[in-house]
Amino acid sequence: MHTIITIPFLLLFTLFSAGIAQTSAIPGGDDVDLDSGKGGIVDSNNYLYKRGCTRSEIRIRKAWHTLSPREKREYIDAELCLMDKPSRTPHPRARTLFDDLQGAHARQVLLVHRSGWFLPWHRYFTYAHEELLRTECGYTGAQPYWDESGEVGRFKQSKIFTPEAFGSDGDPDQLYHYDYNIPPLPGKNETNGCVTDGPFADYVLNIGPTAERSEPHCISRQLNETASPFARPEAVSKCMALDNILDFSNCIELGPHLAGHFGTGGEMDNPISSPGDPVFYLHHAWLDKLFLEWQSRDGQGGRNREREIAGYASWVPIIYGREKEPRFKNATLWDTFTVDGSVRNVQLWEALGVTKGLAKCVSYVEPAYPPP
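### Quick look at the side chain of K62
Working step 1: Here K62 lies in the loop between strand 3 (59-61) and helix 2 (69-82).
Working step 2: Of note is the side chain of K62, whose polar atom sits 2.9 Å from the side chain of E71.

### So, the packing of aromatic side chains
Two aromatic rings are characterised by how far apart their centres lie and by the angle between their planes.
Working step 1: The full count for this structure, using the stated rule, is 19 aromatic pairs.
Working step 2: For the pair Y75 and Y139, a centre-to-centre distance of 5.7 Å together with 75° between the ring planes defines the contact as edge-to-face. Taken together, the residues span a long stretch of sequence, with Y75 in helix 2 and Y139 in the loop between helix 4 (118-137) and strand 4 (171-177) at a distance of 64 residues. Here Y75 and Y139 have matching classes, each one buried.
Working step 3: Their ring planes at 20° and their centres at 4.8 Å tell us that W121 and F125 sit as a pair that is stacked. You can see W121 and its partner F125 sitting in helix 4, four residues apart, about one turn around the helix. With respect to burial, W121 and F125 carry one shared label: buried.
Working step 4: Every member of this aromatic cluster is reached through a ring pair, and the members are W64, Y75, Y139, F166 and F200.
Working step 5: Lying across the ring of W294, R305 places its NZ or CZ 4.1 Å from the centre.

Basis of the calculations
Residues numbered from 1 in each chain as written. Predicted model: local features only at pLDDT ≥ 70, side-chain atom pairs only at ≥ 80, totals over all residues. Heavy atoms only, no water. Helix = DSSP H or I, 4+ residues; strand = E, 2+ residues; numbered from the N terminus. Polar contact = N/O pair within 3.5 Å; in protein donor to acceptor, adjacent residues only side chain to side chain. Phe/Tyr/Trp six-rings, centres within 6.5 Å; stacked < 30°, edge-to-face > 60°. Buried < 20%, exposed > 50% of the residue type's maximum accessible area, 1.4 Å probe, protein only. Lys NZ or Arg CZ within 6 Å of the ring centre and 35° of its normal.

Treat this as a map of the structure, not an account of what it does.
This is the structure we're talking about:
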């Protein structure tokens, strides 16, 4: 057990001009044929089968804009199902399974950002969401991702932010104001409009705006292009070219990671309760796509990157066990990740795992065309 030391929560992420690339996976479309490799599946040589993955275990994750109308509808319906199923975690404010995940993120915000846990824990978190969709709500697909590099400078026109998908921008006539001591980005303010159309318009969030204070509120957004350049292809390429995990993780967290959060604004702009916007999971699936590709490339001298880890296990000093003084602890392969019982706990090595672990049976399909 460990205890987080409460500190004033000022600014979780420091913006910097990080230049950042489209990945080089095989192009693909809507229909994926696991047996023939048709449809541009990254598993064109059946390497997932060769790893021992069964057909039911394989998760083919595709960009949202490439999904068929039926696939989009099934995903949205499953998300609505999570928002209707009762909570089963001890978080005092959680009412639904969807809240449970948001609460787990809020409780551990200072562990899973600016630390060695950032990339592997968010892979686990993405897995947990996908697993709940499948086991609790009968979803048979995989977690889609938001191809942000293909939409730089036009987030507001994304097919994600439509009434048919995740709802539009926040309504400036229905404002939700919250102050969690984080100054707004240039060109933005702290007042965000509620999402008033689409399938999630009526959902009431129960977690946030801070780890210490929660109140019922709407899903809010303030779409903008201030941060979308952090997802530009050159910026991603800069991260992908880095050789060690510490530099790569910092580059992703302070670069592409900011694009989707700050570019969506509202709930996504709040590092504590950002999973309250369902777009969160598409954003972090895209980041995991970048992470998996980086891991799959050999490092200098042919070094295998699969189990590389660096950094502390928290952003702030922690009190461990019965110790009296807070301290930093290095992240290790044996650290335990949890979402408070929503799905099974895993150790960090399993979250990192490409040939063994959570990514063993995961494949991302590269879009065959840019988002319209």
